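In case you want the letters, here they are:
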Amino acid sequence: MTFKNKVIYQIYPKSYLDTTGSGVGDLQGIIQKLDYLAELGIDMIWLNPIYPSPQKDNGYDISDYVAINPDFGTMADFERLIAEAKKRGIDLMLDMVLNHVSTEHAWFQKALAGDAYYQDFFILRDTPTDWVSKFGGNAWAPFGDTGKYYLHLFDVTQADLNWRNENVRYEMYKVVNFWREKGVHGFRFDVINLIGKDEMLKDNPENEGKAEYTDRPLTHDYLQALNQASFGKDSDSVTVGEMSSTTIENCLLYSRPERHELAMTFNFHHLKVDYIDGQKWTKTDFDFAELKRLFHTWGEKMSDGGGWNALFWNNHDQPRAINRFIDHKNFRIKGATMLAASIHLSRGTPYIYMGEEIGMVDPDFTSMADYVDVESVNAYQMLLDNGLTPEAAFEIIQTKSRDNSRTPMQWDATANAGFSTAKPWLRAGNHAEITVAADKDGEIFKFYQKLIQLRKTDSLISDGTYKAAYQDSEQIYAFIRELDGRKLLVLNNFSNQPAGFELLPEFETAEVLVNNYADITAGQLQPYQSLALVIG
Ligand code: TEU
């Protein structure tokens, strides 16, 4: 099997299962759920950062790259997790946060203490640029009492690393190789398209006032070197780059196999169609026409260009897709299965975010006291500073906060959703109705099982080309897959109303491969119906 017929399941370890009564999830909890994941049929588990961290950004502020956060367990627990997962045919993918480190990391502390060798690990300037942090505020902070400033594109406790320094690059290769030697062959690279930023920091008049530090050409050089020095040595490596604000052209360069950079890329354009003027902290209905345009454009260009997409609706940074794209109060189950089919039958590698397989929705938080995410807390204050009322600001946080997807996995209807016997680090959501115990043999879980099996067994799905279809429909997102003369037409009704369509003549003799309804009405899709028809 290659990454083209694998399905990857993302676990936010802090919220999966707590076996020690700490209120925080742990590695032993994941081990206990491996049989559940094997039954779902997934091939690889992506774990968000499990390393020592002050947890200012829930582990994306790393203070030691080659150890295990004691809140999650020990290195022996991790080694047992690897071994137990492999027994079930499941591999691990670890999160490599190589763009920045915690200011509590030894490198930053030594740099602060005046060690010139480690000061060159960071991006220091006498005069800061006008860049802003992605978590709000200035992207530069005073570097101790040196009179210099250090760059932090995220939280002030997340200092950007200077990738132009070959000593930094060599340390990064060592980090990846440490985990390879533990048997890890899957790697997700956090905001990796930002590592070429220092090109924009040379004292070059043409750079003044520009913050185009994303997708710099240098990034590709660094990735090719990282590939060659680490995971490129493994024939079965599965690598994915998280590409913030990227372009199709760059994602083709990042993921075309002959370039030896990464296997695939996450892009987020489809998860910004419910933004106003590209601004996350706003509230509006999603733009279906734009969603279709993005899927069709990215799908065709990556297919024609030999690139490879990571396909996903949910992750730990996003509110749950059911809340954003579905009339979930009336059609939660059909909406969940339609969303699943719309990516699992497409061209790319699908990712399932924990709880998606049972149709979990955003929590019913009622006050800012429920939210802990640094980005959300900063955004709430920014909204107030911009003149919104507390009620209006809260409504936006409720819609867009990253905490929406970070609530504890809902195992059963007992206290704290069966996640912990203690008060969870983040309150559980509306777990009474939606739990693994109630839904593991339910419609959504079984539908995911079928989609996962199809990707493993049908090369038309794993390797077929992608072509847009029914572009003019205002309700249906459709595409055609093709391989060796076989064709698959996938129709997805993205609305809570029936949607009429004229069947393409070539599919009149087609067989039904997937249908999230019990039957078919000729020329009409039911609300949130996905119908996949195959020829040959
Ligand atoms: O996220 C990258 C990123 O740009 C985030 O700001 C994310 O896109 C945004 O929150 C969506 O609104 C990665 C990690 O996934 C995220 O959890 C980290 O906070 C961030 O990098 C810094 O490491």
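This structure is a prediction, so every number in the text was calculated from the model and none was measured.

Rules used in this analysis
- Residues numbered from 1 in each chain as written.
- Predicted model: local features only at pLDDT ≥ 70, side-chain atom pairs only at ≥ 80, totals over all residues.
- Heavy atoms only, no water.
- Near = heavy atom within 4 Å.
- Polar contact = N/O pair within 3.5 Å; in protein donor to acceptor, adjacent residues only side chain to side chain.
- Areas by Shrake-Rupley, 256 points an atom, 1.4 Å probe, with all protein chains shown as cover.
- 1 Å grid on protein atoms, 1.4 Å probe; cavity = no way out; pocket = protein on both sides within 12 Å on 5 of 7 lines; lining within 4 Å.
- Sits in = over half its atoms within 2 Å of the grid points.
- Nonpolar A, V, L, I, M, F, W, Y, C, P; charged D, E, K, R; others polar.
- Domains from an automatic or database assignment.
- Phe/Tyr/Trp six-rings, centres within 6.5 Å; stacked < 30°, edge-to-face > 60°.
- Helix = DSSP H or I, 4+ residues; strand = E, 2+ residues; numbered from the N terminus.
- Buried < 20%, exposed > 50% of the residue type's maximum accessible area, 1.4 Å probe, protein only.
- Points joined across faces, edges and corners; volume = space filled by probe spheres on them.
- Contact = heavy atoms within 4.5 Å.
- Pairing = 2+ DSSP bridges.
- Axes fitted to C-alpha atoms, helices over the stretch in contact; angles between N-to-C directions.
- Parallel < 35°, antiparallel > 145°, perpendicular 65-115°, else oblique.
- Left-handed = near helix turned anticlockwise from the far one by under 90°.
- pLDDT = per-residue confidence, 0-100.
- Expected span 1.5 Å × (residues − 1).
- Bend = angle between axes of the 7 residues up to and from the residue.

On to the site of the ligand. In the vicinity of the ligand lie 17 residues, with D57, D190, K280, D317 and R402 positioned nearest. E242 places a side-chain nitrogen or oxygen 3.1 Å from an oxygen atom of the ligand. Within the contact set of the ligand, an oxygen atom lies 2.9 Å away from a side-chain nitrogen or oxygen of H316. The protein chains hide 93% of the 490 Å² of surface that the ligand would expose on its own. In this structure, the ligand is accommodated by the largest pocket. Across the shell around the ligand, the residue classes tally to four nonpolar, four polar and nine charged. Residue contributions to the shell around the ligand reach at least three from each of two domains, namely domain 1 (1-97 + 313-363 + 407-457) and domain 2 (100-160).

Per the stated rule, a full pass over the model turns up 43 aromatic pairs. Centre to centre, the rings of Y12 and W425 are 6.4 Å apart; their planes meet at 40°, and the pair counts as tilted. Taken together, the positions of Y12 in the loop between β1 (8-11) and α1 (27-32) and W425 in the loop between α13 (390-400) and α14 (436-439) put the pair 413 residues apart, joining distant regions of the chain. Its relative accessible area of 2% is what places Y12 among the buried residues. Since its relative accessible area comes to 17%, W425 is described here as buried.

Turning our attention to empty space enclosed by the protein. Under the counting rule described, the total for this entry stands at four cavities of 30 Å³ or more. Volume-wise, the largest cavity comes out at about 200 Å³. Every residue lining the largest cavity is counted, 17 residues in all, and those nearest its centre are N267, F295, W298, N309 and L311. Secondary structure elements with two or more residues in the lining of the largest cavity: α9 (288-305), β12 (310-311) and α11 (328-344). It is α9 that contributes the most residues to the lining of the largest cavity, four residues altogether.

Right, let's talk about the side chain of N69 for a bit. On the secondary structure map, N69 appears in the loop between β2 (44-47) and α3 (75-87). Of note is the side chain of N69, whose polar atom sits 2.8 Å from the backbone nitrogen of D71. The contacts of N69, once residues within four sequence positions are left out, are I50, Y51, P52 and Q55.

This next bit is on the sheet that holds strand β7 (residues 149-151). Here we have three strands laid out as an open sheet, ordered β5-β7-β6, and antiparallel in their pairing. Each of the sheet's edge strands pairs with one partner strand only, and the pair in question is β5 (124-125) and β6 (140-142).

Quick look at the packing of helix α7 (residues 217-229) against helix α8 (residues 248-255) now. Where α7 meets α8, the axes come as close as 10 Å, and the angle between the chain directions of the two elements is 20°. In terms of axis orientation, α7 runs roughly parallel to α8. Every pair of crossing elements has a handedness; the one defined by α7 and α8 is right-handed. Only N250, L253 and Y254 of α8 make contact with α7, whose side of the interface consists of T219, H220 and L223. Classifying every residue of the contact of α7 with α8 gives three nonpolar, three polar and no charged.

When you line up the elements, L345 lands in the loop between α11 and β13 (349-353). Along the chain, L345 and I452 lie 107 residues apart, while their C-alpha atoms are 9.5 Å from each other.

Averaged over every residue, the pLDDT of the chain is 96; residues scoring 70 or more account for 98%. Taken together, the chains of this predicted complex give a pTM of 0.97 and an interface ipTM of 0.96.

Turning our attention to the pairing of strand β16 (residues 486-493). The element β16 is largely enclosed, with a buried count of seven among its eight residues. One ladder, built from eight bridges, connects strand β15 (residues 476-483) with β16; its direction is antiparallel. Within the sheet, the bridge partner assigned to E482 lies in β16 and is K487. Connecting β15 to the antiparallel partner β16 that follows it, the hairpin turn spans two residues, and D484 within it adopts a positive phi of roughly 50°.

What follows is about α11. Residues spaced three or four apart along an α-helix face the same direction, because each turn holds 3.6 residues. Here α11 contains 17 residues, and its C-alpha end-to-end distance of 20 Å is more than 12% below the 24 Å for a straight helix at 1.5 Å per residue. In α11, a bend of some 50° at K334 exceeds every other bend along the element. Within α11, 13 of the 17 residues are buried, which leaves it mostly tucked inside the rest of the structure.

Before going further, it helps to spend a moment on the side chain of N404. Relative to the elements of secondary structure, N404 occurs in the loop between α13 and α14. Taking the relative accessible area as the measure of exposure, N404 reaches 0% and is therefore buried. When sequence neighbours within four positions are dropped, the list of residues in contact with N404 reads P319, R320, D362, P363, Y371, I397, Q398 and T399.

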